[in-house]
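Given next are the chains, with one letter for each unit.
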Amino acid sequence: MKKIIITSVISFLFVIFVSACQALPFSSTPKKVLAIETFLADITKEIAGDRLVVESLIPAGTDPHSFEPTPKDLVKVAESQIIVLNGAGLEEWAEELLENATKTKQIKIEASEGLKPREHKDHKHDDSGGHHHHEGDPHFWLDPNLVIHYVENIRDGLIQADPGGKATYQKNAEAYIGKLKELDQFIQKEVSAIPPERRLLVTNHESFGYFADRYGFQIVGTILPSFTSGASPSAQELARLIDQIKASKVKAIFLETGTNPQLAEQIAKETGAKVVTDLFTHSLTEPGGKAPTYITMMKHNATTIVNNLK
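Presented here is a report on the structure given in the accompanying data block. Predicted model, so just to flag it, every value in this text is computed and none were measured.

## As for the nonpolar core
Among soluble globular proteins, nonpolar side chains are generally buried collectively.
Then, in step 1: Formed by 60 residues in total, the largest nonpolar core has its most connected members in Leu158, Phe211, Phe217 and Tyr294.
Then, in step 2: Excluding its chain neighbours within four sequence positions, the residues that come into contact with Tyr294 are Phe39, Asp42, Ile43, Trp141, Asp143, Pro144, Val147, Tyr176, Leu180, Leu183 and Leu284.
Then, in step 3: Listed in part, the 15 residues of the second largest apolar core include Leu200, Val202, Ile242 and Val250.

Laid out in structure tokens, this is it:
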């Protein structure tokens, strides 16, 4: 309830702030692009090159599922001419804020638009606590091939906002798509070192479905039976997961950085699986970290998973 009230107040202030900004002279060069997540900012920079100023709204290391915007974030949104978001329900907290933004001069680019979300694998969980994301799985970016679709949507959105940069955006998008195809080949090669029967994943929440579909993994289970990291498992769900891990002889439980490992460690004691806490899924690191770009993030995740399942 508190989160809803805060978001509503920020949205109200946003309308007032933008109305004031509209009275000021509007400069279109260079246009400011605000990507909601850090990985989207990185992808957008690859396409925009030096033509646009791109930054992310959510700081590095912050989970977008639990992010709460502040008045400072309100200013960032208002001062940007282009907003890039993942969509598919990932940024539910920002729906009203972004709706107000697009009523002004701002262009909203939904990177995942046109992609069909995966359904929750076990609808029986619906009776136990309403854990599910109402729009399905929004984590398309964990399959580099689906990110090609992101690139095409972002490219087209930037061209709409800045027609004069069309040639630049097309050229940069084509070059980055080539890098994504190389990334896909890299991951396939890494994964080939794991026998198919060992390609078993247990993760914190349901975020690796697209990755698993692409590279031949089986999702044995998740600690949080939801596409969002804000859910809580029941005792029955934890007991069922422990039984699944034992039956499948899963070697590792993979957590995203910043995740509370308490439940995973409890499960590990019951099953003998090791806990790996070094995956980056929703956020990049700062420059100099292990995952400063989308491509390095995906390479790090792939090698971490492979090294712990060999």
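## With respect to the sheet that holds strand E1 (residues 32–35)
Then, in step 1: Spatial ordering of the open sheet is given by E2-E1-E3-E4, a layout of four strands whose pairing is parallel. Where the open sheet ends on each side, the last strands, each with one partner, are strand E2 (53–56) and strand E4 (107–110). The average angle at which neighbouring strand axes cross in this sheet is 20°, direction not considered.
Then, in step 2: Pairing between E1 and E2: four bridges, direction parallel. Residue pairing for E2: Val33 is matched across the bridge by Val54.
Then, in step 3: Taken strand by strand, helix H2 (residues 38–48) contacts E1, E2 and strand E3 (82–85), and its axis lies near 170° from that of E2.

## Considering the environment of Ala273
Then, in step 1: Following the sequence through the fold, Ala273 ends up in the loop between helix H10 (262–271) and strand E8 (274–279).
Then, in step 2: Residues Ala273 and Lys251, spaced 22 residues apart in sequence, show a C-alpha to C-alpha distance of 4.9 Å.
Then, in step 3: Ignoring any residue separated from it by four or fewer positions in sequence, one finds Ala273 in contact with Ile245, Val250, Lys251, Ala252, Ile253 and Ala268.

## Comments concerning the environment of Ala247
Then, in step 1: Within the secondary structure, Ala247 is located in helix H9 (residues 235–248).
Then, in step 2: As a C-alpha pair, Ala247 and Thr271 span 24 residues in sequence and 9.6 Å in three-dimensional space.

## Some points on the packing of aromatic side chains
Then, in step 1: This structure, assessed with the given rule, holds six aromatic pairs.
Then, in step 2: Here the aromatic rings of Phe67 and Trp93 are separated by 4.9 Å at their centres, their planes lie at 70°, and the arrangement is edge-to-face. Taken as a pair, Phe67 in the loop between E2 and helix H3 (71–78) and Trp93 in the loop between E3 and helix H4 (95–101) lie far apart in primary sequence, 26 residues in all. Accessibility assignment for this pair places Phe67 and Trp93 in one class, buried.
Then, in step 3: One aromatic cluster is present, built from ring pairs that chain together Phe208, Phe211, Tyr215 and Phe217.

## Quick word on the packing of H2 against helix H6 (residues 144–161)
Two measures define how a pair of helices packs: the angle their axes make with one another and the distance between the axes.
Then, in step 1: Close contact between H2 and H6 brings their axes to 10 Å; oriented N to C, the two are set at 60°. Comparing their axes, H6 and H2 come out oblique. Between H2 and H6 lies a crossing whose hand is right-handed. Together, Phe39, Leu40, Ile43, Thr44, Ile47 and Ala48 of H2 and Val147, Tyr150, Val151, Ile154, Arg155 and Leu158 of H6 make up the contact between the two elements.
Then, in step 2: The residue makeup of the contact of H2 with H6, split by class, is 10 nonpolar, one polar and one charged.

## Structural notes on unusual backbone geometry
Then, in step 1: The residue Ala88 is not glycine, and still its phi comes out positive at about 60°.
Then, in step 2: Considering the arrangement of structural elements, one finds Ala88 in the loop between E3 and H4.
Then, in step 3: You will see that Lys249, though not glycine, has its phi angle at about 60°, which is positive.

## Looking at the side chain of Thr38
Then, in step 1: Mapped onto the fold, Thr38 is located in helix H2.
Then, in step 2: On the basis of relative accessible area, Thr38 is assigned to the buried category, the value being 10%.
Then, in step 3: Here Ser283 takes part through its side chain, which lies 3.4 Å from a polar atom of the side chain of Thr38.
Then, in step 4: The contacts of Thr38, once residues within four sequence positions are left out, are Ser56, Ile58, Pro59, Ala60, His282, Ser283 and Leu284.

Scoring rules and cut-offs
Residues numbered from 1 in each chain as written. Predicted model: local features only at pLDDT ≥ 70, side-chain atom pairs only at ≥ 80, totals over all residues. Heavy atoms only, no water. Core = buried A, V, L, I, M, F, W, Y, C linked by side-chain atoms within 4.5 Å. Buried < 20%, exposed > 50% of the residue type's maximum accessible area, 1.4 Å probe, protein only. Contact = heavy atoms within 4.5 Å. Pairing = 2+ DSSP bridges. Helix = DSSP H or I, 4+ residues; strand = E, 2+ residues; numbered from the N terminus. Axes fitted to C-alpha atoms, helices over the stretch in contact; angles between N-to-C directions. Phe/Tyr/Trp six-rings, centres within 6.5 Å; stacked < 30°, edge-to-face > 60°. Parallel < 35°, antiparallel > 145°, perpendicular 65-115°, else oblique. Left-handed = near helix turned anticlockwise from the far one by under 90°. Nonpolar A, V, L, I, M, F, W, Y, C, P; charged D, E, K, R; others polar. Polar contact = N/O pair within 3.5 Å; in protein donor to acceptor, adjacent residues only side chain to side chain.

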